[in-house]
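# Understanding the architecture of this molecule
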Amino acid sequence: MRELLELLEHDARRPVKELAAMLNKSEFEIEDALKKLEANKVIMSYNTLIDWERFGDHNVTSVIEVNVAPQREVGFDAIAERIYRFDEVKSVYLMSGSFDLLVIIEGQSLNKVADFVARRLSTIEGVTSTRSHFMLKAYKKDGTIMDDKENDRRLVMTP
Amino acid sequence: MNKWEENLSAAVKQVPPSGIRKFFDVAAKMDDVITLGIGEPDFVTPWHIRESCVYGLEKGYTSYSTNKGMPLLRKEIAALYKRSHALEYDPEEEIIVTVGVSEAVDLALRAVLDQGDEVLIPEPCYVSYKACVILAGGIPVPVATGIENEFRVTADALEKYVTPKTKVLLIGYPNNPTGTVLTAEELKGIAAFAQKHDLIVLSDEIYGDLTYGGLEHICFSSLPGMKDRTILFNGFSKAYAMTGWRLGYALANPVFIEAMNKIHQYTMLCAPVTAQVAGIEALQNGDANMHKMIHEYDRRRHLIYEGFCRMGLKTFEPKGAFYIFPNIESTGMTSEEFVENLLEREHVAVIPGNAFGECGEGFIRCSYATSIDKISGALNRIENFLKNI
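Residues numbered from 1 in each chain as written. Chains lettered and ligands numbered in written order. Predicted model: local features only at pLDDT ≥ 70, side-chain atom pairs only at ≥ 80, totals over all residues. Heavy atoms only, no water.

### Regarding empty space enclosed by the protein
Where empty space is left becomes clear once a probe the size of a water molecule has been rolled over the atoms. All names here are of chain B. Per the counting criterion, the structure on display carries two cavities of 30 Å³ or more. In this model, the largest cavity occupies a volume close to 90 Å³. By residue class, the composition of the lining of the largest cavity is eight nonpolar, two polar and one charged. Around the second largest cavity, the lining residues are Pro 122, Glu 123, Pro 124, Cys 125, Tyr 129, Thr 145, Phe 151, Leu 170, Ile 171, Gly 172, Tyr 173 and Asn 175. Of all elements in the fold, only strand S3 (118-123) and strand S5 (166-171) reach the threshold of two or more residues within the lining of the second largest cavity. (1 Å grid on protein atoms, 1.4 Å probe; cavity = no way out; pocket = protein on both sides within 12 Å on 5 of 7 lines; lining within 4 Å. Points joined across faces, edges and corners; volume = space filled by probe spheres on them. Nonpolar A, V, L, I, M, F, W, Y, C, P; charged D, E, K, R; others polar. Helix = DSSP H or I, 4+ residues; strand = E, 2+ residues; numbered from the N terminus.)

### A short note on the packing of helix H2 (residues 21-28) of chain B against helix H12 (residues 335-346) of chain B
Residue and element names in this part refer to chain B. Orientation of H2 relative to H12, taken along the N-to-C sense of each, is 5 degrees, at an axis distance of 11 Å. Taken together, the axis directions place H2 and H12 in an arrangement best described as roughly parallel. Across the interface between the two elements, Lys 22, Phe 23, Val 26 and Ala 27 of H2 pack against Glu 336, Val 339, Glu 340 and Leu 343 of H12. Its residues placed into classes, the contact of H2 with H12 shows five nonpolar, no polar and three charged. (Axes fitted to C-alpha atoms, helices over the stretch in contact; angles between N-to-C directions. Parallel < 35°, antiparallel > 145°, perpendicular 65-115°, else oblique. Contact = heavy atoms within 4.5 Å.)

### Section: the interface of chain A and chain B
On the side of chain B, 36 residues touch chain A, which itself brings 18 residues to the contact. Contact between chain A and chain B buries roughly 2,200 Å² in total, counting both sides, with carbon and sulfur atoms accounting for 58%. Ranking the residues of chain A by area buried against chain B places Arg154(A), Met157(A) and Pro159(A) at the top, with a combined share of 36%. Viewed at the interface, chain B and chain A are joined by three salt bridges. Notably, a salt bridge pairs Arg299(B) with Glu6(A), separated by 3.3 Å at the nearest N-O pair. Here chain A is connected to chain B by 13 residue pairs in polar contact (both at pLDDT 80 or more). Listing elements by their share of the side of chain A that touches chain B, those giving two or more residues are helix H1 (2-10) and helix H2 (16-23) of chain A. Take the side of chain A that touches chain B: its biggest share by element is five residues, from H2(A). Partitioning the side of chain A that touches chain B into residue classes produces eight nonpolar, two polar and eight charged. (Buried area = accessible area lost by both parts, 1.4 Å probe. Salt bridge = Lys/Arg side-chain N within 4 Å of Asp/Glu carboxyl O. Polar contact = N/O pair within 3.5 Å; in protein donor to acceptor, adjacent residues only side chain to side chain.)

### Some details on the packing of aromatic side chains
To describe a pair of aromatic rings, one takes the distance between the centres and the angle between the planes. Within this structure, the stated rule accounts for 17 aromatic pairs over all chains. For the pair Phe86(A) and Phe116(A), a centre-to-centre distance of 5.1 Å together with 85 degrees between the ring planes defines the contact as edge-to-face. Remark: Phe116(A) occurs in helix H6 (residues 110-121) and Phe86(A) occurs in the loop between helix H5 (77-84) and strand S2 (89-94); sequence separation between them is 30 residues. What links up through ring pairs into an aromatic cluster is the set Phe43(B), Tyr207(B), Tyr297(B), Phe322(B) and Tyr323(B). When the ring centre of Trp4(B) is taken as reference, the NZ or CZ atom of Lys3(B) above it lies at 4.3 Å. Over the ring of Tyr89(B) we find Lys227(B), and its NZ or CZ is 4.6 Å from the ring centre. (Phe/Tyr/Trp six-rings, centres within 6.5 Å; stacked < 30°, edge-to-face > 60°. Lys NZ or Arg CZ within 6 Å of the ring centre and 35° of its normal.)

### What to know about the UniProt feature "domain: Aminotransferase class I/classII large" (unreviewed entry) in chain B
Listed under "domain: Aminotransferase class I/classII large" (unreviewed entry) in the UniProt record, and renumbered for this structure, are residues 32-382 of chain B. Helix makes up 40% of residues 32-382 of chain B and strand makes up 14%, while its end C-alpha atoms are separated by 15 Å. (UniProt positions renumbered as here; feature names shortened; annotations may be inferred.)

### Let's talk about the side chain of Glu346(B)
Relative to the assigned elements, Glu346(B) resides in helix H12. Apart from the residues within four sequence positions on either side, Glu346(B) is in contact with Asn341(B), Arg381(B), Asn384(B) and Phe385(B).

Right, here's the structure in full:
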């Protein structure tokens, strides 16, 4: 199971036939395992890592440190939910250290992101302060180096 | 003929030209070629190893090392063999660091061979063994193996070629080009044979870390009575993806190591110190990355084996290294014709089996040290090639 997940994490488009051959299992076994992993949400979704910058989009990504006043019984979870339900919000993490929530927001322009923070995020009840950082360049994303220049430099045939 | 050619030494003239040169020239000019013809990992050396070399340079590791190699590196090599094979080698006297296993094999042969001494070499085998024996003044005696036995050499087969002049047995398992690994029983048979004829055994175990399916590599020196008569070779190229660094080593009794060092000090002086610094890092912290790579080879191995079986080419499941050695006789072509046609029609590069010895005729060597996508692509093209013969 772990091996199957590792392979898919790296390339979700691998055909079942290929996965089966690599893991020395039957195609049926792989399909069955996938169904189970999807059903119990170990596999959440099959996404594609896209370099939007290269495609021509120039979105703005902002990393925001959010401080909140935790609420009785629900702690941070209720406020986190009020934040992560917004479509603009890409990721939300509860953090240890000098702030509570790390919120990653993507928007079409600086203005739109700033507007979202000012009007939507900081006005949520329980949010006590925000501190925004704008991302300038992505070098590596989810384990993938964005502009990897390490090509195969080997000779075409060697003994 | 250029008049200087007659000035060349008899030994050099006796060494046949490379069996892959002409295909290489064709393949190198194709821009869409998929190659399964490369005998080295497709991984770049793990970053922490590269980084340690850069740091070493910054710290000024730019001078010669002692001839036998940096003391710490030899200590780490000794520790590795103690840890993984329960073998005790004295880092002072029983280990020499060389410029790849290639140099170590050359040193060992030159250290022990006299003119006319015979060296038993099970084939198919790595291309340089025979040449090195000839250049050292010895006579290579090929011992053929075949697919019916998954290219395993046996004591019985070796017996047929022993003469009073036989001095050395040179073996390389896990094997390039076949991927064959010998079992403990088989190795014991060979050990008894070496004992019986009082042979020196040269064991090239560069692919020792690359065995699959839960198979443990058995170090030839660890067999009862073999440590003293065996010169054991290993290096960093395959397991740590460090081919271009040119770093290998030999382990043997002090007499052999001292003799090899004599040649080494006058010809090579020492292995590159930058590589030695990186080698220390590889041995100290490289296991996790190495296992990751081995794991990846194993998946590719399944994929490529399954692919050739599906096509109906007679092949056996390789258990080590990163090669598979399918039989192509059913196509009616020789190895070289097959390689040439496959390259021309489908732009896939593989190595003709006869480059590794006469008994490799009828086979091709395919390396799976390349990405899954390329392996799949190459398999599709080969399947297409077979359909259109």
